[in-house]
Amino acid sequence: MEKINIALDGHSSCGKSTIAKALAKKLNYVYVDSGAMYRSITLYALEKGLIDKTGINLKKLIGDLDEIHISFKIINGTQHTFLNDKDVEFDIRTQRISENVSQVAKIPEVRVHLVKQQQFLGRSKGVVMDGRDIGTVVFPNAEVKFFVTANVDVRAQRRYEEMIANQHNHITFEEIKQNLEERDFVDSHRETSPLLKAEDAILIDTSDLSPEDQLNFVYSKVIEKINK
Ligand code: DC
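Right, let's walk through the structure included here.

### Structural notes on the nonpolar core
- Core analysis: the largest hydrophobic core is formed by 33 residues, its most contacted members being Ile41, Leu61, Ile68 and Val110.
- Counting only elements with at least two residues in this core, the list comes to helix H2 (34–47), helix H4 (95–105), helix H5 (108–121), strand S8 (127–131) and helix H6 (134–138).
- If you tally residues by element for this core, the top one is H2, at eight residues.
- Judged by nonpolar contacts, the second largest core, of 21 residues, contains Ile6, Leu23, Tyr29 and Ile204.

Below you can see the structure in the form of structure tokens.
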């Protein structure tokens with residue numbers, strides 16, 4: 001079967017990554033979590049003391065970009081993100097990272113650097129990538145694009161359950177909801193590649209859809225496209 005690239009963009013915690021992972025598995029494609037790449041750079045900046053209350057040390061962070069190597073490996077069937085050869089899968093999912101990542105993702109040099117890597121990962125096709133600018137900037141020619149959203153309370157509840165299930169316990173539902181709203185705002189209003197629905201993206205509202213229904217829907221759209 002001909003291989004294509006599939007872009008999934010949308011709001012924070014709307015279920016994009018769950019759909020993207022399941023779709024990649026079903027198609028035997030590679031899944032790329034572009035948000036994990038922005039989270040990894042944020043972790044690097046925090047660990048190096050490049051972020052404080054007054055802001056980000058842009059000069060140093062931009063100067064260090066070529067030394068920040070991000071990769072993915074499958075461990076026991078689950079994809080893990082590596083930052084300079086260290087497994088950071090747990091560390092990049094903390095609330096501290098969620099609170100700082102939008103500021104880092106706003107930096108044009110960071111975006112240019114990561115977009116290049118993301119385009120390289122998709123060069124041979126057969127990739128499902130999720131993020132905020134995949135259908136608009138990273139793969140504007142992706143054969144199938146989805147834009148995923150859901151009501152903010154549903155998203156906050158799902159994220160809350162996910163955080164608790166993954167041992168990130170020191171967080172309340174309200175804090176999560178507030179962070180989602182703030183990230184949506186910053187992600188949608190930044191100057192460089194804001195979160196936008198590509199004109200040709202298929203809209204999915206996952207508020208009332210089970211994970212199975214979401215997968216069946218996106219899979220049917222992909223198969224329709226491949227068979228065209
Ligand atoms: O998908 P996520 O919540 O893990 O993404 C973390 C942050 O990274 C999100 O708030 C916005 C940013 N991001 C981005 O700007 N562009 C992408 N392609 C992916 C994520």
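That was the structure; now back to the text.
### Notes on H2
- With 14 residues, H2 extends 20 Å between its outermost C-alpha atoms, agreeing within 8% with the 20 Å of an ideal straight helix rising 1.5 Å per residue.
- Most of H2 sits out of view: 12 of its 14 residues are buried.
- Every buried residue of H2 is listed here: Ser34, Ala36, Met37, Tyr38, Arg39, Ser40, Ile41, Thr42, Leu43, Tyr44, Ala45 and Leu46.
- A side-chain oxygen of the first residue of H2 lies 3.2 Å from the backbone nitrogen of glycine 35; this N-cap is aspartate 33.
- Just downstream of H2, glycine 49 is the residue with a positive phi angle, here 70°.

### Brief notes about a negative patch on the surface
- A cluster of like negative charges, contributed by Glu99, Glu174, Glu175, Glu181 and Glu182, occupies part of the molecular surface.
- By residue number, the principal contributor to the negative patch is helix H8 (residues 173–189), which donates four residues.
- Note that glutamate 182 resides in helix H8.

### A few points about the pairing of strand S1 (residues 5–10)
- The element S1 is largely enclosed, with a buried count of six among its six residues.
- By the alternation rule, side chains of S1 split into Asn5, Ala7 and Asp9 and Ile6, Leu8 and Gly10, which are all buried.
- Two strands pair when backbone bridges link them, and S1 and S8 are joined in this way by five bridges, in the parallel orientation. The partner of alanine 7 across the bridge, within S8, is methionine 129.

### Thoughts on the site of the ligand
- Neighbouring the ligand are 15 residues; Arg39, Arg111, Asp133, Arg183 and Arg190 lie closest to it.
- A distance of 2.7 Å is found between an oxygen atom of the ligand and a side-chain nitrogen or oxygen belonging to arginine 39.
- Contact between the ligand and aspartate 133: a nitrogen atom at 2.8 Å from a side-chain N or O atom of the residue.
- Protein contact buries 94% of the 450 Å² of open area that the ligand shows by itself.
- For the shell around the ligand, the secondary-structure elements that each account for two or more residues are H2, H4 and H8.
- Ranked by the residues each element gives to the shell around the ligand, the list is headed by H2, at four residues.
- Looking at the shell around the ligand, its residues break down into four nonpolar, four polar and seven charged.

### Points about the packing of aromatic side chains
- Considering all chains together, one arrives at zero aromatic pairs under this definition.
- The residue whose ring lies beneath lysine 26 is tyrosine 219, and the NZ or CZ to ring-centre distance is 4.5 Å.
- One residue, lysine 73, lies across the ring of phenylalanine 82, its end atom 4.2 Å from the ring centre.

Reading the values: rules and limits
- All residue numbers here refer to positions counted from 1 along the written sequence of the relevant chain.
- pLDDT decides what is reported in this predicted model: residues at 70 or higher carry local features, side-chain atom pairs at 80 or more are listed and counted, and totals for whole chains, interfaces and linings draw on all residues regardless.
- Side-chain metrics rest on all non-hydrogen atoms present in the structure, leaving aside hydrogens and water.
- Throughout, nonpolar core names a set of buried Ala, Val, Leu, Ile, Met, Phe, Trp, Tyr and Cys residues whose side chains join them through atoms within 4.5 Å.
- Note on classification: 1.4 Å probe, protein chains only; a residue is buried when its accessible area is under 20% of the maximum for its type, exposed when over 50%, partly exposed between these limits.
- Strands here mean DSSP runs of E at least two residues long; helices mean DSSP runs of H or I at least four residues long; both are numbered from the N terminus.
- Multiplying 1.5 Å by the helix residue count minus one yields the expected span of that helix.
- For the purposes of these results, a polar contact is taken to be a pair of N or O atoms within 3.5 Å, where, inside protein, one atom must be able to donate a hydrogen and its partner to accept one; residues adjacent in sequence count only when each atom of the pair is a side-chain atom.
- Every patch collects residues that have over 30% relative accessible area and no salt bridge, joining them within 9 Å if they carry like charges and within 5 Å if they are nonpolar side chains (Val, Leu, Ile, Met, Phe, Trp, Tyr).
- Where accessible areas are quoted, they stem from the Shrake-Rupley method and a 1.4 Å probe; at the residue level, only the protein chains shown are allowed to cover.
- By salt bridge we mean one thing: a side-chain nitrogen of Lys or Arg within 4 Å of a carboxyl oxygen of Asp or Glu.
- Counted as positive: Lys and Arg. Counted as negative: Asp and Glu. His and the chain ends are not counted at all.
- Charge placement uses NZ in Lys and CZ in Arg. For Asp and Glu, CG and CD serve respectively.
- Two strands qualify as a pair provided that DSSP identifies no fewer than 2 bridges between them.
- Only a single heavy atom is needed: when it lies within 4 Å of a molecule or strand, its residue is near that molecule or strand.
- Three residue categories are used. Nonpolar comprises Ala, Val, Leu, Ile, Met, Phe, Trp, Tyr, Cys and Pro, charged comprises Asp, Glu, Lys and Arg, and polar comprises the others, including Gly.
- Only rings of Phe, Tyr and Trp enter the pairing, Trp through its six-membered ring, and a pair is recorded when the two centres are within 6.5 Å. The plane angle decides the type: under 30 degrees is stacked, over 60 is edge-to-face, the rest tilted.
- Lysine and arginine charges are scored as sitting over a ring when NZ or CZ, respectively, is within 6 Å of the ring centre and within 35 degrees of the ring normal.

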